[in-house]
Amino acid sequence: MRESIFTGKIPISCPNEEIPWQMKCDIVRSDDEIEIRLIDTRDIFTFYFSTISPGDFYVMKREQDIIVDYERFVSILVKMFHSLHSGKLRGLFSKETNKFLFVEKDDFRNIIRLELKFSKPDETHYKMYLGDMIGRMESDNVRLIKENGMLRDKCKNGEKEVRDRIRYLEEEVSASQKKIDKLYKENEMLSENNNSRKEEVDRLSNRVYDLEKENGRLQYDLDKLKLQDVKNSGLVERAQEIEDENKTLKEELNTANGIIRKYNDDMAQMKSTINGNEEASKDLRLNNKKYKAEIEDLKKKMKGMEEKMKKMKEELKAKESRLKDLETENIGLVKKLENAQSVYSHFYNKNIENPTSLNYSDNESIFSIAPESSPH
């Protein structure tokens, strides 16, 4: 059974001008193979074909490092032709080698996704191609006949529905016209009633206006009476308040007199206290003068002691410098003594080695402590 799995026009790039920029692609699948046709859109009898069986696929798989199986390859191949149509991939066809390349566009370099080998058709392929075209035309014809019949039936049913719809709408229009006439009459009656009611409302409005004016006048008189009552009651309350304030002022006056008397007593007591404080202040001033004199004496004594301390420090420094000089002299004397001992040891050892070479008197000492002459 032969089945068409792809049909459509695809863009093609080819350096040869005989190949159009757009060709029709048909992919037909049978039980054991798929056949791809690239048909010239300017001449339907000029086409190229490629047949891929499972055996051909495995050879292609080994040559192009394809990693999917045959069934998966067929579906991917159809998607790649759709990608040519959408512009995701680019199709390159070489008339010299009859090879079709699926090229992926990239900024750095173009990547060849798949390579298909096409051939020119022979008589058998032309027959198959014409058979497919005739079969497709017959199936399209049958489909069109069915669609035409369906459209005719639909048109007949549509005409009937339109007539029924027109009749229904005419009835609706007549009923609506009757309703409109009835509503028009009711509207006239309502307009008359509205006018009469409007006149009644105007009359009542005038009456309300007169009543409001009368009410305002009465309200004004009532406010005047209330104001007079408020004034009278205010005078009585004011008199009572003045009397209460008078009593309060008298009480405050008595309280102020008591406070003044208390302040006078406090002032007298403070004066006596101030007199006593003046005498105590005189004593404090005398004591203060005495303490100041003592402080001056102590300051003078402290100053003399500081001068003595300063002199003692100077003497101590002089003694320390003298002590350092004595230590230096002591070190020099120690060195001289060491030199004398070394000279003494030298002559002593020399006399011990030659005892017969020297004659000493009884009163003459064998040893001499004269210092050795300094070496040159």
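What you see is a predicted model; the values in this text were computed from it and never measured.

Each helix and strand counted, the protein has three helices and seven strands in total. Put simply, the protein runs from its N terminus to its C terminus through helices and strands in the order β-β-β-β-α-α-β-β-β-α. Its C-alpha atoms give the protein a radius of gyration of 73 Å, more than 25% over the compact-globule value 21 Å for 376 residues. Across its three principal axes, the protein shows a C-alpha extent of roughly 175 × 145 × 35 Å. Residue burial in the protein is summarised as follows: out of 376 residues, 14% are buried. Expressed as a percentage of contacts within the protein between residues at least 6 apart in sequence, the contacts between residues at least 24 apart total 45%. Approximately 31400 Å² of the protein is accessible, and the part contributed by carbon and sulfur atoms is 55%. Looking at the protein, you have 69 positive and 74 negative side-chain charges, and the mean spots of the two groups are 3 Å apart.

Within the open sheet, the three strands sit side by side as β5-β6-β7. Their pairing is antiparallel. Two strands lie at the open edges of the sheet, namely β5 (89-94) and β7 (111-117), each paired on one side alone. Ignoring which end each strand starts from, the neighbouring axes of this sheet average 20° apart. In this sheet, β7 lies alongside strand β6 (residues 99-104) in antiparallel orientation, the contact comprising six bridges. Note that in β7 the partner of F100 across the bridge is L116.

All right, on to the domain arrangement of the protein then. One can read the domain layout of the protein as domain 1 (3-121) and domain 2 (123-215). On the domain 2 side, the residues contacting the 12 residues of domain 1 number eight residues. Buried surface at the junction of domain 1 and domain 2, summed over both partners, amounts to about 960 Å²; 59% is from carbon and sulfur atoms. For the domain 1 face of the interface with domain 2, the top three residues by lost area are R37, F45 and P121, together amounting to 43%. Where domain 1 packs against domain 2, one counts zero salt bridges. Those elements that provide at least two residues to the side of domain 1 that touches domain 2 are β2 (22-29), β3 (34-40) and β4 (47-52).

Below, the discussion takes up the sheet that holds β3. Taken in spatial order, the four strands line up as β1-β2-β3-β4 in an open sheet, and their pairing is antiparallel. One side of each edge strand has no neighbouring strand; the edge strands of this open sheet are β1 (3-11) and β4. The mean angle between the axes of side-by-side strands here comes to 15°, regardless of whether they run parallel or antiparallel. Bridging between β1 and β2 involves eight bridges; their strand directions are antiparallel. In the strand pairing of β2, F6 is matched with I27.

As recorded in UniProt, the sites labelled "domain: Spindle assembly abnormal protein 6 N-terminal" (unreviewed entry) are residues 6-118. Helix makes up 25% of residues 6-118 and strand makes up 41%, while its end C-alpha atoms are separated by 17 Å.

Our next topic: the side chain of E35. Assignment of secondary structure puts E35 in strand β3. Here the side chain of E35 touches R37 through a polar contact of 3.4 Å, side chain to side chain. Setting aside residues up to four positions removed in sequence, E35 forms contacts with R2, D26, I27, V28, F49, S50, T51, H125 and M128.

With that settled, the discussion passes to the nonpolar core. Residues F81, F100, F102 and L116 are the most contacted members of the largest nonpolar core, which totals 30 residues. For this core, the leading source of residues is helix α2 (residues 70-86), giving eight residues. Residues contacting F102, with those up to four places away along its chain left out, are L77, M80, F81, L84, L89, R90, I111, I112, R113, L114 and L116.

Quick look at the pattern of salt bridges now. Per the counting criterion, the structure on display carries 10 salt bridges. R37 is the partner of E35 in a salt bridge, and the nearest nitrogen-oxygen pair spans 3.4 Å. Each of the two residues, E35 as well as R37, counts as buried. R203 is the salt-bridge partner of E200, the closest N and O atoms lying 2.1 Å from each other. Of this pair, E200 and R203 both sit in helix α3 (residues 123-353), three residues apart, which is roughly one turn of the helix.

Further remarks concern the packing of aromatic side chains. All chains considered together, the criterion is met by 10 aromatic pairs. Seen from their ring centres, F81 and F100 are 6.2 Å apart, and the 20° between their planes marks the pair as stacked. Here the residue F81 occupies a position in helix α2, and F100 occupies one in strand β6, the gap between them amounting to 19 residues. F100 matches F81 in its accessibility class, with the two residues each being buried.

Together, I44, F45, Y126, L130 and I134 make up an exposed nonpolar region whose accessible area comes to about 420 Å². Turning to its location among the elements, L130 is positioned in helix α3.

Looking now at the confidence of the model for the protein. When pLDDT is averaged across the protein, the result is 81; 90% of the residues are at 70 or more. Counting contacts from residues 358-367, a segment whose pLDDT is below 50, to residues more than four positions away or on other chains yields seven contacts.

Rules used in this analysis
- Residues numbered from 1 in each chain as written.
- Predicted model: local features only at pLDDT ≥ 70, side-chain atom pairs only at ≥ 80, totals over all residues.
- Heavy atoms only, no water.
- Helix = DSSP H or I, 4+ residues; strand = E, 2+ residues; numbered from the N terminus.
- Rg over C-alpha atoms; globule rule 2.2 N^0.38 Å.
- Buried < 20%, exposed > 50% of the residue type's maximum accessible area, 1.4 Å probe, protein only.
- Contact = heavy atoms within 4.5 Å.
- Areas by Shrake-Rupley, 256 points an atom, 1.4 Å probe, with all protein chains shown as cover.
- Lys, Arg positive; Asp, Glu negative; His and termini not counted.
- Charge placed at Lys NZ, Arg CZ, Asp CG, Glu CD.
- Pairing = 2+ DSSP bridges.
- Axes fitted to C-alpha atoms, helices over the stretch in contact; angles between N-to-C directions.
- Domains from an automatic or database assignment.
- Buried area = accessible area lost by both parts, 1.4 Å probe.
- Salt bridge = Lys/Arg side-chain N within 4 Å of Asp/Glu carboxyl O.
- UniProt positions renumbered as here; feature names shortened; annotations may be inferred.
- Polar contact = N/O pair within 3.5 Å; in protein donor to acceptor, adjacent residues only side chain to side chain.
- Core = buried A, V, L, I, M, F, W, Y, C linked by side-chain atoms within 4.5 Å.
- Phe/Tyr/Trp six-rings, centres within 6.5 Å; stacked < 30°, edge-to-face > 60°.
- Patch = residues over 30% accessible without salt bridge, like charges linked within 9 Å, V, L, I, M, F, W, Y side chains within 5 Å.
- pLDDT = per-residue confidence, 0-100.

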